[in-house]
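Reading the structure
Take a look at the letters that make up each chain.
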Amino acid sequence: MAEIVSLAEAIAANVHDGDTVAMEGFTHLIPHAAGHEVIRQRRRDLTLVRMTPDVIYDQLIGAGCARKLIFSWAGNPGVGSLHRFRDAVENGWPVPLEIEEHSHAGMANRYLAGASGVPFAILRGYRGTDLPAHTAGVADVVCPFTGETLTAVAAIKPDVTVIHAQQADRLGNVQYWGITGVQKEAVLAASRAVVTVEEVVEELVPRPGGVVLPSWLLSHVAEVPGGAHPSYAQDYSVRDNDFYLAWDAISRDRATFTAWLEEHVQVLVRGK
Amino acid sequence: MTYTSDEMMTVTAARVLRDGMTCFVGIGLPSEAANLARATHAPNLVLIYESGTIGAKPGTLPLSIGDGILAQTADSVVSVPEIFNYWLQPGRIDVGFLGAAQLDRFGNINTTVIGGDYADPKVRLPGAGGAPEIAAACREVIVVLRQSRRTFVDKVDFITSVGFGDGPGSRERLGLTGAGPQRIITDLGVLQPDPATCELTLTGIYPGGLAGEVKERTGWDLRISADLKEIAPPADHELEVLRGLVATAPQGATR
């Protein structure tokens, strides 16, 4: 059964130095508040896994939490580069960042294999690209039935997956809806799962297209209204596109980024 | 009405999409063109975004592939593994609409690294995203990007998504099921693969454009089709709808 606790307790109990951590949410429902809590708790040497690292991992990378990044598209959607990611890859600031990159289809299938409890998944992908030469966990595999050559990708099994959802009930069952991304697979692939929610409700009412994760699958649930911002939670908030646009200037420069982090993330521990 | 070369490019890209087609849409210029097509001659164009939104009908231009308006107006919203495995991979989708940072004479796309080597690149780009499998599996691919010697190179620094590989027969050998890039639409004209050599060849030019100028802005010795056609300028209606759409995009978005 999931325990309903504070965000700080949920992160402290589940995210440790050196862990492989997946924080998922495909544009929608990105667990930004949980990311900030990882920064405040000064976790180090994390292997961060996420299809689209996005602003959330730009912040964690810039704060020095990550040793390695496993991903498939590292940009600020519709805006441009992730400057902290680029600074880490191109200049090793604040610490060198090892990368392992895939395609979206490859990453989605790696989670799917992890969730299914099998060591790899099969897809038509990567063939003819330069990705396999630089990326672990991609190999040719021959179909035993047709003889056709396909691509195998290794399962991802995070130590912990963190996601954001719209609602939980008091028992810690969770429901999310709208763009549901790869969160179900990422949670099922992981040893532990933390969910932040907009709201704890008396009763979960089934939603069209909604995904319900039963409490017994999850480690901890924390109520964090607005916990996806600047991402969004459908029916609770809208994507703060202005923030994504503003992030370009905030993150471009090390000093501006550090000042932003101090004012908007660290201050919550010191100031309150 | 007067118009810019970017508007000419977007209108040309939109015209290629026929009503009722299914279209896997990348963000930026492709999304702008696909939404223009849906707002003009192709009201039943099915827009599919990699966030799992199938049949999205946004009234305003989204900033990301996962803006709320895409999910709220979609015929169906599916998970990310499902959009790639069930919808894209089997070859159900007519056209993949992509952008690129670098493109070579065989239509191979680079969105990964430029300059230096992979471990120590001069410029680190966002990477693959959905593009490799979109380029492999859609029945055909259309690429939209601005043309310069920097973007149109003899050989890409990194093959992120395969066009025609190293020439005729490559796609078949690799088991890529779709027909590959059938049109590259730029701010100077339209390039199409030569049926025999697969090399991208200039087949369309805009009013007032010169083939020699296009050659100068290409990083390989660009061949000009014997049947080079002039593309009709944007109609007033196309420009009005496009400008209306662009006005709805968030201020400062990369285009």
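The residue numbering used here restarts from 1 in each chain and proceeds along that chain's sequence as written. Chain letters start at A and ligand numbers start at 1, both assigned in the order the entries are written. At least 70 in pLDDT is required for a residue's local features to be given in this predicted model, at least 80 for side-chain atom pairs to be given and counted, and no such filter applies to totals for whole chains, interfaces and linings, which use all residues.

1. Re the overall build of chain B
Helix numbers and strand numbers start at the N terminus; a helix is a DSSP run of H or I with at least 4 residues, a strand a run of E with at least 2. Each helix and strand counted, chain B has eight helices and 14 strands in total. Radius of gyration means the value over C-alpha atoms here, while the globule rule gives 2.2 Å times the residue count to the 0.38 power. Relative to a compact globule of 255 residues, whose C-alpha radius of gyration would be 18 Å, chain B shows 17 Å and is just as compact. For chain B, with 255 residues in total, the buried portion stands at 57%. With C-beta atoms placed from the backbone, a contact is any residue pair whose C-beta atoms sit within 7 Å. Contacts spanning at least 24 positions in sequence make up 66% of the contacts within chain B whose residues lie at least 6 apart. Three exposure classes are used. Buried residues have 20 or more other C-beta atoms within 10 Å of their own C-beta, exposed residues have 12 or fewer, and partly exposed residues fall in between, all C-beta atoms being placed from the backbone.

2. Observations regarding the interface of chain A and chain B
Contact residues are listed per partner, giving 50 residues for chain A and 44 residues for chain B. Top contributing element to the side of chain A that touches chain B by residue count: helix H5 (residues 104–116) of chain A, with five residues. The residue classification treats Ala, Val, Leu, Ile, Met, Phe, Trp, Tyr, Cys and Pro as nonpolar and Asp, Glu, Lys and Arg as charged. All others, Gly included, are polar. Partitioning the side of chain A that touches chain B into residue classes produces 19 nonpolar, 21 polar and 10 charged.

3. Examining the pairing of strand S11 (residues 160–169) of chain A
Residues and elements named next belong to chain A. Counted residue by residue, S11 has nine buried out of 10 residues, so it is predominantly covered. Alignment of strand S2 (residues 20–23) against S11, held across three bridges, turns out to be parallel. Across the sheet, residue Val 21 finds its bridge partner in S11, namely Val 160. As judged from the nine bridges shared by S11 and strand S13 (residues 192–201), these two strands associate in the parallel manner. Bridged to His 164 within S13 is Thr 196. Here the rule is simple: two strands pair whenever DSSP picks up at least two bridges between them. Of the strand pairs in this sheet, S11 and strand S12 (residues 174–176) are connected by two bridges, and their pairing is antiparallel. Along S12, the bridge assignment pairs Gln 167 with Gln 175. The antiparallel pairing of S11 with S12 creates a hairpin that spans four residues between the two strands, and Gly 172 there sits at a positive phi of about 90°.

4. Points about the domain arrangement of chain A
Residue and element names in this part refer to chain A. As far as domains go, chain A holds domain 1 (3–102 + 157–270) and domain 2 (104–154). An automatic or database domain assignment supplies the residue ranges for each domain. Placing a centre on the C-alpha atoms of domain 1 and another on those of domain 2 gives a separation of 26 Å. At the interface, 12 residues of domain 1 touch 11 residues of domain 2. Breaking the side of domain 1 that touches domain 2 down by element, the ones donating at least two residues are strand S7 (98–101) and helix H7 (183–189). When residues in the side of domain 1 that touches domain 2 are grouped by element, the largest group, four residues, is from H7. Its residues assigned to classes, the side of domain 1 that touches domain 2 comprises six nonpolar, two polar and four charged.

5. Things to note about the confidence of the model for chain B
Confidence of the prediction at every residue is given by pLDDT, a number between 0 and 100. Chain-level statistics for chain B give a pLDDT mean of 95 and a share of 98% at 70 or above. With pTM at 0.96, the complex prediction returns an ipTM value of 0.95.

6. Things to note about the sheet that holds strand S10 (residues 149–154) of chain A
All names here are of chain A. Within the open sheet, the three strands sit side by side as S8-S10-S9. Their pairing is antiparallel. The sheet terminates laterally at strand S8 (120–123) and strand S9 (138–142), the two strands that pair on one side only. Between one strand axis and the next, the sheet turns by 40° as a mean value, whatever way the strands run. Both S8 and S10 contribute to a ladder of four bridges, which runs antiparallel. From the neighbouring strand, Phe 120 faces S10, where its bridge partner is Ala 154. H5 contacts S8, S9 and S10 of the sheet and is inclined by roughly 140° relative to S8. In this description, a line fitted to the C-alpha atoms serves as the axis of each element, helices being fitted only across the stretch in contact, and the angle between N-to-C directions of two axes falls anywhere from 0 to 180 degrees.

7. Comments concerning the sheet that holds strand S11 (residues 181–185) of chain B
All names here are of chain B. Taken in spatial order, the 10 strands of this open sheet run S4-S3-S2-S1-S5-S10-S11-S12-S13-S14, and their pairing is mixed. In the strand order of this sheet, the two ends are held by strand S4 (76–77) and strand S14 (223–230), each with one partner. Where strand S10 (residues 140–144) meets S11, four bridges bridge the pair, whose relative direction is parallel. Counterpart to Ile 142 in the pairing with S11 is Arg 183.

8. A word on the nonpolar core
To count as a nonpolar core, a set of buried Ala, Val, Leu, Ile, Met, Phe, Trp, Tyr and Cys residues must be joined through C-beta atoms within 7 Å. In this structure, A:Val195, B:Cys23, B:Ile48 and B:Val143 are the most contacted members of the largest nonpolar core, which totals 162 residues. For this core, the leading source of residues is H5(A), giving seven residues. When residues of this core are sorted by domain, at least three fall in each of domain 1 (3–102 + 157–270) and domain 2 (104–154) of chain A. Not counting residues up to four positions away in its chain, the partners in contact with B:Ile48 are B:Thr22, B:Cys23, B:Phe24, B:Val25, B:Ile54, B:Trp87 and B:Ile93.

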